[in-house]
Each structure stands twice: as structure tokens, then as C-alpha cells.
Amino acid sequence: SFILFGISDQREIFRKEETTMATASPPFISTLNFTHTSFRPSFASSSSSSSFSPKLLRPLLSFSVKSSRKQVEIVFDPDERLNKIGDDVDKEAPLSRLKLFSPCKINVFLRITGKREDGFHDLASLFHVISLGDTIKFSLSPSKSKDRLSTNVQGVPVDGRNLIIKALDLYRKKTGSNRFFWIHLDKKVPTGAGLGGGSSNAATALWAANQLNGGLVTEKELQEWSSEIGSDIPFFFSHGAAYCTGRGEIVQDLPPPFPLDLPMVLIKPREACSTAEVYKRLRLDQASNINPLTLLENVTSNGVSQSICVNDLEPPAFSVLPSLKRLKQRIIASGRGDYDAVFMSGSGSTIVGIGSPDPPQFIYDDEEYKNVFLSEANFMTREANEWYKEPASANATTSSSESRMDFQ
């Protein structure tokens, strides 16, 4: 008999029907039979923002064999086999690996202007990319039938429910490409936060797929296709700031309306807001009646202020999660003028304070907020024909308890 142990962070399925061990001693070991062993490729770290080490896969398989007389531990390292697969893939394409930053966004203002016949709502919003984001590593896979996605947090789907996989499937459908990928998502943006983390991941995956296929299509085509799987995804193909209308898929690029070094703090409680439930409770007759173009003109002329940062989804979100309304009110009251504006992003549940990177002291002192997600951030943009650059330092953190937030 044998015991299998010591397998961690493993993804691909490796099958070996029978392993024959050529050894003269001890004589009781001759053959090991096992049907399958799971392992995951572990991406090597890289100092480059656009690629990572060719020595991509470093899994270790360890198992022991027991008998009545003694135990022998045998270590099998499939490193060479897997790296040979990677090298063979590399030979077929000039670019086979990418490491990309996937930033999130905030809605500086968000007006809901009507309900459509298709069940969606029309909106008018100033979207802006910020420096909090995930990191995604892509590698061409030798598989011709399936993508493999892994992630660093529990609760994030790694199958066809994930927008990354949907984006890669969409790219193949539109272009006829037959390339599949190994992907690792290093997630820092919390889900259910109103920050568009999943939409950004999808846009990043479309960009990566196009780069790893030699640039078969234009950015404009990627942007147009992306609306088929998510309303917020097309925005990320802007240069970082955009006025978005329709369901959010009509994107008008804007020059950066704010200094990129303008600081902000993001505060998200553990509770998430269901987007569907927020829209279900939306009362259009109780929404703001200010013209969104007036808001846009004011914000581009005068910068951020509390009167400009209107979000029509705040009242229904506060109905879903009353503690979120109390959090916003306490931040405003405790800020003592540190913030130019305090508002909810998207459908929640992140509260944004513009003007200071520091949360109010009560976030650290009150037991109620010991596990909130905190991150300082700033506005960011991207250059034409390039993807977003990862900031020099990662600022995502938790409150003073230093406990890790559950992303489920």
C-alpha cells in the first residue's frame, strides 16, 4: 500500500498508470500503481511587468511506501517534463506568457436615467480607473480544449462562471483562435464591492488573449465584443477616464479630470450588496433629477465635491444594508474636512473618501469595523496601445486587526 501526501497549489491532472522502480534494494519495492495525481503549475515570480520566468512550473510530488519492515520516502519531481511542455509551447509562438495588472474603478457620479425594455437600466456615469487591482498571469497551454484558472482566494469560481473564462471563450468564438491558457489570478479587489473587479479581469483577459495570439484584432473590436458578457467591461478599454451611458457599454473617453496623485481611501465592510437586489429596490421617482451632463461639466471644471458625487443607487443600497448608510454618515462626520467627497461606488458596498488616504480613527477603534477592507488608492490612466501598469507598491490592507478579509 502507499500514502500520497504533500501536494499543494496544484492544477493540471497528471496520469501515470504504472511506475516501475528499478532498484536492487530494498527488494520489497518493485512496482507502484496509481491512477492519477493532481498537481498545479506554480508560476515563478518575475521582476518584469509583462512576462515571467520561462521556468514556469515547479510542482513537487512526494509520497511514501509502507511495508511491515520499514518505510521509504520517494520524491518525484515532474519539473523537467512540465518545463519541456512549456518550452515546446514557447517555440510555437513569439509571445507565450504575460503578467498584467487588472485595476478596478470607481463611479465618481452615477445617475440612473430610466429602465429599458430589455430589463436593464440606462445610466450616465463618470467612471475612473484607480490604482487598486489584481495581478493576472497568463501562459499558453498545450491543451487544445480547456483553460485552467487558479486563484489565491477561496470563493472565487475558477470554471465557466468566472468572467476571465467567459472572456477567453468569447475571444476564441470571435476570432477562431484555438489557443487555450493557464491563468493565475492574484486577487486583491474584494468581490461585491461596486469596484468592477470582475469586469476588469475580463477586459484584461481579452487584452492578454489578443497579445498572445499576435494581435489579431483591434482594441475597438475587443471593446465592442466585451459588452456581450458584461456592461462594465468596455470601460476598461478606455484610457482610464470615461463618461459611460446606455447600460454602461457606450464609452466616451475623457482627458483625466483630476490630478492622478489625488489620494483616496476605500472602505468596504464585510457585507456585500447584491446588485440585483439593489436595482430591485431602486425607485426612479426618488432618484436625483440633476442632468448628468451638468455633473460632468462641473466635475471637469471644478474637480471633486460632495454635491457632484451623486449616486442614485445609494438609497436602495442603504435599504439593503442599513449599516452602510451609517458607515458613510460616520465617515463624513469624523472626517472633519479631510475628504472632498464621501460616496458609494457602483452598487456598493465600498464607500470612497476622496482627498485623504487615511480612514477615520473609528475604523480602527470600533469592534464593528475590525474586519473591513481598507485600501488607499489614486486615479490612474494608461497609454495608447499599452495595458495598465502596476503601481510601484501595493496598498491594499485590512483594518488594525490585521485579519485577512474573506472574499467569498
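Heads up: the structure comes first, above all this text.
Bear in mind that the values here come from a model prediction, so they are computed numbers and not experimental data.

Definitions and limits used
Residues numbered from 1 in each chain as written. Predicted model: local features only at pLDDT ≥ 70, side-chain atom pairs only at ≥ 80, totals over all residues. Heavy atoms only, no water. Helix = DSSP H or I, 4+ residues; strand = E, 2+ residues; numbered from the N terminus. Contact = heavy atoms within 4.5 Å. Phe/Tyr/Trp six-rings, centres within 6.5 Å; stacked < 30°, edge-to-face > 60°. Buried < 20%, exposed > 50% of the residue type's maximum accessible area, 1.4 Å probe, protein only. Salt bridge = Lys/Arg side-chain N within 4 Å of Asp/Glu carboxyl O. Pairing = 2+ DSSP bridges. Lys, Arg positive; Asp, Glu negative; His and termini not counted. Polar contact = N/O pair within 3.5 Å; in protein donor to acceptor, adjacent residues only side chain to side chain. Arc of directions from axis to C-beta. Axes fitted to C-alpha atoms, helices over the stretch in contact; angles between N-to-C directions. Left-handed = near helix turned anticlockwise from the far one by under 90°. Nonpolar A, V, L, I, M, F, W, Y, C, P; charged D, E, K, R; others polar. Core = buried A, V, L, I, M, F, W, Y, C linked by side-chain atoms within 4.5 Å. Expected span 1.5 Å × (residues − 1).

Undergrad: Any chance you could explain the environment of Tyr171 here in plain terms?
TA: Relative to the elements of secondary structure, Tyr171 occurs in helix α2 (residues 163–175). Put simply, Tyr171 and Leu222 are 51 residues apart on the chain and 8.2 Å apart in space, counted from C-alpha to C-alpha. In this structure Tyr171 touches Gly176, Ser177, Leu206, Ala209, Asn210, Asn213, Leu216, Val217, Leu222 and Trp225, once residues within four positions along its chain are discounted.

Undergrad: What should I look at first to understand the packing of aromatic side chains in this one?
TA: For any two aromatic rings, the description comes down to two numbers: the centre-to-centre distance and the angle of the planes. The tally for this structure, following the rule as stated, stands at eight aromatic pairs. On the basis of an interplanar angle of 50° and a centroid distance of 6.5 Å, the ring pair of Phe109 and Tyr243 is categorised as tilted. With Phe109 in strand β8 (residues 97–115) and Tyr243 in strand β12 (residues 241–245), the pair connects residues that are 134 residues apart, well separated along the chain. The buried category is assigned to Tyr243, whose relative accessible area is 7%. Ring geometry for Trp387 versus Tyr388: centroids 5.1 Å apart, planes at 75°, classification edge-to-face. You'll find Trp387 and Tyr388 in the same group, each marked buried.

Undergrad: Which parts of the structure should I look at to understand the pattern of salt bridges?
TA: Note on pairing: side chains with opposite charge can pair once their charged atoms come close. All told, the structure shown has 17 salt bridges when counted by the stated rule. In this structure, Arg281 engages Glu277 in a salt bridge whose closest nitrogen and oxygen atoms are separated by 2.8 Å. Arg281 sits in the partly exposed class, given a relative accessible area of 36%. With a closest N to O distance of 3.8 Å, Glu386 and Lys389 form a salt bridge. Among the residues examined, Glu386 registers a relative accessible area of 35% and is labelled partly exposed. Look at Lys389 and you get partly exposed, because its relative accessible area is 48%. Where salt bridges share partners, they join Arg116, Asp118 and Asp122 into one cluster.

Undergrad: Mind showing me how you'd approach the pairing of strand β13 (residues 250–253) here?
TA: Regular strands show a simple pattern: their side chains alternate between the two faces of the sheet. Both β12 and β13 contribute to a ladder of four bridges, which runs antiparallel. What sits directly across from Thr245, in β13, is Ile250. As consecutive antiparallel partners, β12 and β13 are separated by four residues, and within that stretch Gly246 has a phi angle of approximately 65°, a positive value.

Undergrad: Help me out: how do you make sense of the side chain of Arg247 in this one?
TA: Relative to the assigned elements, Arg247 resides in the loop between β12 and β13. At 4.2 Å, Glu249 is the nearest oppositely charged side chain to Arg247, a buried residue that forms no salt bridge. In this structure the side chain of Arg247 is engaged in a polar contact, spanning 2.6 Å, whose partner is the side chain of Ser231. For Arg247, the contacting residues outside a window of four places in its chain are Arg116, Asp118, Phe120, His121, Asp122, Leu123, Ser227 and Ser231.

Undergrad: Looking at this model, I keep getting lost on helix α4 (residues 219–226). Mind explaining?
TA: Since the α-helix packs 3.6 residues into each turn, any two residues three or four apart lie on the same face. Of the residues making up α4, those classed as buried are Leu222, Gln223, Trp225 and Ser226. Mapping the buried residues of α4 onto a view down its axis gives an arc of 165°, with all of them on the same face.

Undergrad: Would you explain the pairing of strand β16 (residues 351–354) in this entry?
TA: Burial along β16 is two-sided: the residues Ile351 and Gly353 and Val352 and Ile354 are all buried. As paired elements, strand β14 (residues 263–268) and β16 share four bridges and run antiparallel to each other. Across the sheet, residue Val265 finds its bridge partner in β16, namely Gly353. Bridge count between strand β15 (residues 341–344) and β16: four bridges; the pairing is antiparallel. Looking at the pairing, Val342 lines up with Gly353 of β16. If you look at the hairpin formed by β15 and β16, you'll find six residues sitting between the two strands, and Gly346 has a positive phi there, around 55°.

Undergrad: Any chance you could explain the packing of α2 against helix α3 (residues 197–212) here in plain terms?
TA: Any two packed helices are characterised by how steeply their axes cross, that is the angle between the axes, and by the distance between the axes. Contact pair α2 / α3: the axes reach a minimum separation of 8 Å and the direction vectors enclose 35°. Crossing angle aside, the handedness with which α2 passes α3 is right-handed. Between α2, through Leu163, Ile164, Ala167, Leu168 and Tyr171, and α3, the contact on the second element is made entirely by Gly198, Ser199, Asn201, Ala202, Ala205, Leu206, Ala209 and Asn210. A class-by-class count of the residues in the contact of α2 with α3 yields nine nonpolar, four polar and no charged.

Undergrad: Mind showing me how you'd approach the nonpolar core here?
TA: Soluble globular proteins tend to bury their nonpolar side chains together. Core analysis: the biggest nonpolar cluster contains 64 residues, and Ile183 and Leu327 have the highest contact counts within it. No other element matches the eight residues that α3 contributes to this core. Of all hydrophobic cores here, the second largest spans 31 residues; its members include Ala124, Ile130, Val352 and Ala377.

Undergrad: What is the right way to read α2 from this model?
TA: Spanning 13 residues, α2 covers 18 Å between terminal C-alpha atoms, matching the ideal 18 Å at 1.5 Å per step. The complete set of buried residues in α2 reads Ile164, Ile165, Ala167, Leu168, Leu170, Tyr171 and Arg172. Contact partners of the buried residues in α2: β9 (121–140), β10 (148–151), β11 (181–186), α3 and α4. Where α2 begins, the side chain of Asn162 points an oxygen toward the backbone nitrogen of Ile164, at a separation of 2.8 Å. Directly beyond the C-terminal end of α2, a positive phi value near 80° is found at Gly176.

Just distances and angles here, no functional claims.
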